[in-house]
Amino acid sequence: MNKGKLIVVSGFSGSGKGTVMKAIMEQHDTYALSVSVTTRKPRPGEKDGEAYFFITDDKFQQMINNNELIEYAGYVGHYYGTPRRFVEDNLAAGKDVFLEIEIQGAMKVKKQYPDAVLMFITPPDAQELRRRLIGRGTETMEVINERLKRAVQEAEGVEEYDYIVINDILQECVETVDKIVKSEHNRTDERISLIQSIRSELADSQGK
Ligand code: 5GP
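This report concerns the structure included in the present document. Position numbers for residues count from 1 along each chain, tracking the sequence in the order it is written. Under the rules for a predicted model, residues below a pLDDT of 70 receive no local features and side-chain atom pairs below 80 are neither given nor counted, while totals for whole chains, interfaces and linings still include all residues. To get the side-chain values, all heavy atoms of the structure are used, and hydrogens and water are removed first.

1. Digging into the site of the ligand
- Nearness is defined per residue: one heavy atom within 4 Å of the molecule or strand is enough. In the neighbourhood of the ligand, 16 residues make up the surrounding shell, with Ser36, Arg40, Tyr52, Tyr80 and Glu102 lying closest.
- Between an oxygen atom of the ligand and a side-chain N or O atom of Tyr52, the distance comes to 2.5 Å.
- By the criterion applied in these results, polar contacts are pairs of N or O atoms within 3.5 Å in which, for protein atoms, one can donate a hydrogen and the other can accept it, and in which residues neighboring in sequence qualify only through two side-chain atoms. Interatomic distance of 3.0 Å between a backbone N/O atom of Gly81 and an oxygen atom of the ligand.
- Protein chains shield 95% of the accessible area of the ligand, which is 520 Å² for the free molecule.
- Strands here mean DSSP runs of E at least two residues long; helices mean DSSP runs of H or I at least four residues long; both are numbered from the N terminus. Going through the elements one at a time, β5 (69–75) and β6 (78–83) are the ones with two or more residues in the shell around the ligand. Note on areas: Shrake-Rupley with a 1.4 Å probe; residue coverage comes only from the protein chains shown.

Here you go:
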């Protein structure tokens, strides 16, 4: 079985990347979404183990010490990290594993997994981004302002990404992401062994 691909998805807070991830997971069973650990408190309606595993600072530190995280980063006063086990088990089982993480974490992933595919999801324009950030209604004005400020920094390093995908119409965005992943599986370095086996089979049959 072929090994799965690691797909890193980042984007402005309010880009709708979480909704895109949810939809793509519902529509495809060859994909797995990594659930991060975080020290931030759950928002209303967020259940432990779904969007995140909500853990204490001590537990987070312990996971770092035990090398249980592929990467971690601070974001607006809290820590977020990707548990190693889930990612490696699913890649080995042939699933494409999606990480929805911010840019600093994405860069660390790229160093450890050079074949990872990095996608940055963005709304079509700044006005739409503002509207979505304010419209979510789950944050105080103080947090929104903090996130708007952060949004400006959030795209720093985006040149390192392989793809920038616009999320205007959700289903179109989901399909674009899916096509990118499928195309990545057709890269020469992934398919070369197929060509080699075709060639050697042809060569063998010529000899008979
Ligand atoms: P939120 O608090 O809105 O759920 O997430 C804040 C930011 O942290 C988002 O940009 C999200 O993609 C990012 N994030 C979530 N999990 C991780 C993780 O495991 N590692 C890193 N580096 N960033 C993460």
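2. Considerations on the packing of aromatic side chains
- The aromatic pairing rule takes the rings of Phe, Tyr and Trp, using the six-membered ring of Trp, and pairs them if the centres are within 6.5 Å, calling planes under 30 degrees apart stacked, those over 60 edge-to-face and the rest tilted. Across all of its chains, the model carries 8 aromatic pairs by this definition.
- With 5.7 Å between their ring centres and 85° between their planes, Phe120 and Tyr161 make a pair best called edge-to-face. Remark: Tyr161 occurs in the loop between α6 (141–154) and β9 (163–166) and Phe120 occurs in strand β8 (residues 117–122); sequence separation between them is 41 residues. Judged on exposure class, the residue Phe120 and its partner Tyr161 are both buried.
- An aromatic cluster is defined as three or more aromatic residues linked by ring pairs; in this entry it consists of Tyr52, Phe54, Tyr75 and Tyr80.
- Two limits define a charge over a ring: the Lys NZ or Arg CZ must be within 6 Å of the ring centre, and within 35 degrees of the ring normal. Of note, Lys108 hangs over the ring of Tyr72, and the distance from its end group to the ring centre comes to 5.1 Å. Only protein chains enter the area calculation, which uses a 1.4 Å probe; residues under 20% of their type maximum are buried, those over 50% are exposed, and those in between are partly exposed.

3. A closer look at the pattern of salt bridges
- We define a salt bridge as a side-chain nitrogen of Lys or Arg found within 4 Å of a carboxyl oxygen belonging to Asp or Glu. Taken as a whole and assessed by the stated rule, the structure comprises 10 salt bridges.
- Across the pair Asp89 and Arg85 runs a salt bridge, and its minimum N-O distance is 3.3 Å. With Asp89 and Arg85 both in helix α3 (residues 84–92) and 4 residues apart, the pair spans about one turn of that helix.
- For Asp89, a relative accessible area of 42% puts it in the partly exposed group.
- We note a salt bridge from Asp178 to Lys182, for which the minimum N-O separation is 2.6 Å. Here Asp178 and its partner Lys182 are both found in helix α7 (residues 170–184), 4 residues apart, which amounts to about one turn of the helix.
- With relative accessibility at 40%, the residue Lys182 sits in the partly exposed group.
- Each of Arg40, Arg43 and Glu46 takes part in salt bridges that share partners, so that together they form one network.

4. Overview of the packing of helix α5 (residues 126–135) against α6
- Lines are fitted to the C-alpha atoms to define the axes, a helix being fitted only along its stretch in contact, and any angle between axes, read from their N-to-C directions, falls within 0 to 180 degrees. One way to put it is that α5 packs onto α6 with a least axis distance of 10 Å and a crossing angle of 150°. On the basis of their axis angle, the class for α5 and α6 is roughly antiparallel. For α5 against α6, the interelement crossing comes out right-handed. Between α5 and α6, the contacting residues are Leu129, Arg130, Leu133 and Ile134 on the first element and Ile144, Arg147, Leu148 and Ala151 on the second.
- Among the residues making up the contact of α5 with α6, the classes are represented as 6 nonpolar, no polar and 2 charged. Reported orientations rely on four angle classes, namely roughly parallel under 35 degrees, roughly antiparallel over 145, roughly perpendicular from 65 to 115, and oblique for the rest. Here a crossing is taken to be left-handed if its near helix is turned anticlockwise relative to the far helix by less than a right angle, and right-handed if that turn runs clockwise. Every residue pair with non-hydrogen atoms within 4.5 Å of one another is taken to be in contact. Under the grouping applied here, Gly and all other residues not named as nonpolar or charged are polar, the nonpolar ones being Ala, Val, Leu, Ile, Met, Phe, Trp, Tyr, Cys and Pro and the charged ones Asp, Glu, Lys and Arg.

5. Some details on the sheet that holds β8
- If you trace the 5 strands from one edge of the open sheet to the other, you get β2-β7-β1-β8-β9, paired in parallel fashion. Edge positions in the sheet fall to β2 (31–33) and β9, since each of these pairs with one other strand and no more. Recorded for the sheet is a direction-independent mean angle of 30° between the axes of neighbouring strands.
- When DSSP locates at least two bridges between a pair of strands, those strands are taken to pair. As defined by bridge partners, strand β1 (residues 6–11) adjoins β8 across 5 bridges and the pair is classed as parallel. In the sheet register, Ile7 faces β8, and the bridge partner there is Val117.
- Strands in contact with helix α1 (residues 17–27) are β1, β2, β7 (96–100) and β8; relative to β7, the strand with the most contacts, it is inclined by about 160°.
- Helix-sheet contacts for helix α4 (residues 103–112) involve β1, β7 and β8, and the interaxial angle to β1 is about 160°.

6. What about unusual backbone geometry?
- Of note, Asn67 is a non-glycine position whose phi angle comes to about 60°, a positive value.
- Within the element layout of this structure, Asn67 appears in the loop between α2 (57–65) and β5.
- Taking the relative accessible area as the measure of exposure, Asn67 reaches 49% and is therefore partly exposed.
- In this structure, Val76 is a non-glycine residue whose phi angle is positive, near 40°.
- With respect to the helices and strands, the residue Val76 is situated in the loop between β5 and β6.
- Looking at Val76, the relative accessible area reads 27%, which means it is partly exposed.

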